[in-house]
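Here is how the chains run, residue by residue.
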Amino acid sequence: MTQNELKEAVGRAAIAYIPDDCIVGVGTGSTANYFIDALAEIKGRIKGAVSSSEASVARLKSHGIPVYELNTVDELPVYVDGADEINHQLQMIKGGGAALTREKIVAAVADKFICIADESKLVDILGNFPLPVEVIPMARSYVAREIVKLGGHPAYREGVITDNGNIIIDVHGLQITQANDLESKLNQIVGVVTNGIFAHRRADVLLLGTANGVKTIK
Ligand code: 5RP
């Protein structure tokens, strides 16, 4: 199976976790896109979706799925999203698509986070994928210097502005063994909006696309 076929398989498998008549939290990226396409096939049995990016809003709307503002929603039973890396504790690096802040907000509201990923994303130690950090533009150089003090190698992601009008610094060279701790430390740097470690709010379920089918890891 190709990587895209594995992504499609996990996107479809996530449909089993969607209750009737609910509003669904929807993530961002190529795997989440497969989930959105599968969601379109059952759109008659959900109320609609809350989205983590403008790109996913556009895809949801193109399928005729109603999109709600998060502030108007009281209950979000499930959030479905991909990851750039996920470890065996279901802690993740996210933000390869620069949507990490809205992803973290929607994930925080949801009762259950279902991560959908092909098997290339499962790692023993997070950090091989450069860690995205969303930063207020005027704080870029300061935040980069503080990241160096924490042992990372920051790189400005050229030409990318997030949906919130901020920039992304990608941090290379990290071996993230204490994910909760590093997530908190990065959040303490003034000018950081969010970092892409999802450890305080890790996934509840991982649907992993493998050559032998979709594995469920809890
Ligand atoms: C976007 C994300 C995505 O979930 C992550 O980048 C995975 O993307 P893909 O499914 O395309 O591999 O965090 O900000």
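Since the structure is predicted, the reported quantities are computational estimates derived from the model, not experimental observations.

Engineer: Hey, could you run me through the overall build of the protein in this one?
Structural biologist: Within the protein one finds six helices and 13 strands. Projected onto the principal axes, the alpha-carbon positions of the protein cover approximately 50 × 40 × 30 Å. Within the protein, the fraction of its 218 residues that count as buried is 51%. Of the accessible surface of the protein, which amounts to about 10000 Å², a share of 48% is contributed by carbon and sulfur atoms.

Engineer: Is there a simple way to explain the domain arrangement of the protein in this structure?
Structural biologist: Note on interface size: it is often stated as the accessible area lost on association of the parts. The domain architecture assigned to the protein consists of domain 1 (3-124 + 200-217) and domain 2 (131-195). Of note, the centres of domain 1 and domain 2, computed from C-alpha atoms alone, are 24 Å apart. Opposite the 14 residues of domain 1 that make contact, domain 2 presents 18 residues. Joining domain 1 to domain 2, the criterion identifies one salt bridge. A salt bridge links K104 to E183; the shortest N-O distance between them is 2.7 Å. In this assembly, domain 1 and domain 2 are joined by 12 residue pairs in polar contact (both at pLDDT 80 or more). With four residues, the top contributor of residues to the side of domain 1 that touches domain 2 is helix α4 (residues 100-109).

Engineer: Explain the UniProt feature "active site" (unreviewed entry) in the protein to me, please; I cannot follow it from the model alone.
Structural biologist: If you check UniProt for "active site" (unreviewed entry), the listed places come out as E103 in our numbering. Relative to the helices and strands, E103 resides in helix α4. A relative accessible area of 3% places E103 in the buried class. Those residues within four positions of E103 in sequence are excluded, and the remaining contacts are T28, S52, Y79, D81, K94, G95 and F198.

Engineer: Looking at this structure, how should I read the packing of helix α2 (residues 30-41) against helix α3 (residues 54-62)?
Structural biologist: Each pair of packed helices can be described by the angle between their axes along with the distance between the axes. Where α2 meets α3, the axes come as close as 10 Å, and the angle between the chain directions of the two elements is 25°. Comparing their axes, α3 and α2 come out roughly parallel. In the crossing of α2 with α3, the sense of the turn from one axis to the other is right-handed. Across the interface between the two elements, N33, I36, D37 and L39 of α2 pack against S56, R59 and L60 of α3. Within the contact of α2 with α3, the residues separate by chemical class into three nonpolar, two polar and two charged.

Engineer: Looking at this structure, how should I read the sheet that holds strand β4 (residues 85-86)?
Structural biologist: Each strand in a sheet pairs with its neighbour through backbone hydrogen bonds, running either in the same direction (parallel) or in the opposite one (antiparallel). The strand order across the open sheet formed by three strands is β4-β5-β11, and the pairing between neighbours is antiparallel. Two strands bound the open sheet, and with one partner strand each, they are β4 and β11 (197-198). Across two bridges, the pairing between strand β5 (residues 92-93) and β11 is antiparallel. Residue pairing across strands places M92 opposite F198, the latter belonging to β11.

Definitions and limits used
Residues numbered from 1 in each chain as written. Predicted model: local features only at pLDDT ≥ 70, side-chain atom pairs only at ≥ 80, totals over all residues. Heavy atoms only, no water. Helix = DSSP H or I, 4+ residues; strand = E, 2+ residues; numbered from the N terminus. Buried < 20%, exposed > 50% of the residue type's maximum accessible area, 1.4 Å probe, protein only. Areas by Shrake-Rupley, 256 points an atom, 1.4 Å probe, with all protein chains shown as cover. Domains from an automatic or database assignment. Contact = heavy atoms within 4.5 Å. Salt bridge = Lys/Arg side-chain N within 4 Å of Asp/Glu carboxyl O. Polar contact = N/O pair within 3.5 Å; in protein donor to acceptor, adjacent residues only side chain to side chain. UniProt positions renumbered as here; feature names shortened; annotations may be inferred. Axes fitted to C-alpha atoms, helices over the stretch in contact; angles between N-to-C directions. Parallel < 35°, antiparallel > 145°, perpendicular 65-115°, else oblique. Left-handed = near helix turned anticlockwise from the far one by under 90°. Nonpolar A, V, L, I, M, F, W, Y, C, P; charged D, E, K, R; others polar. Pairing = 2+ DSSP bridges.

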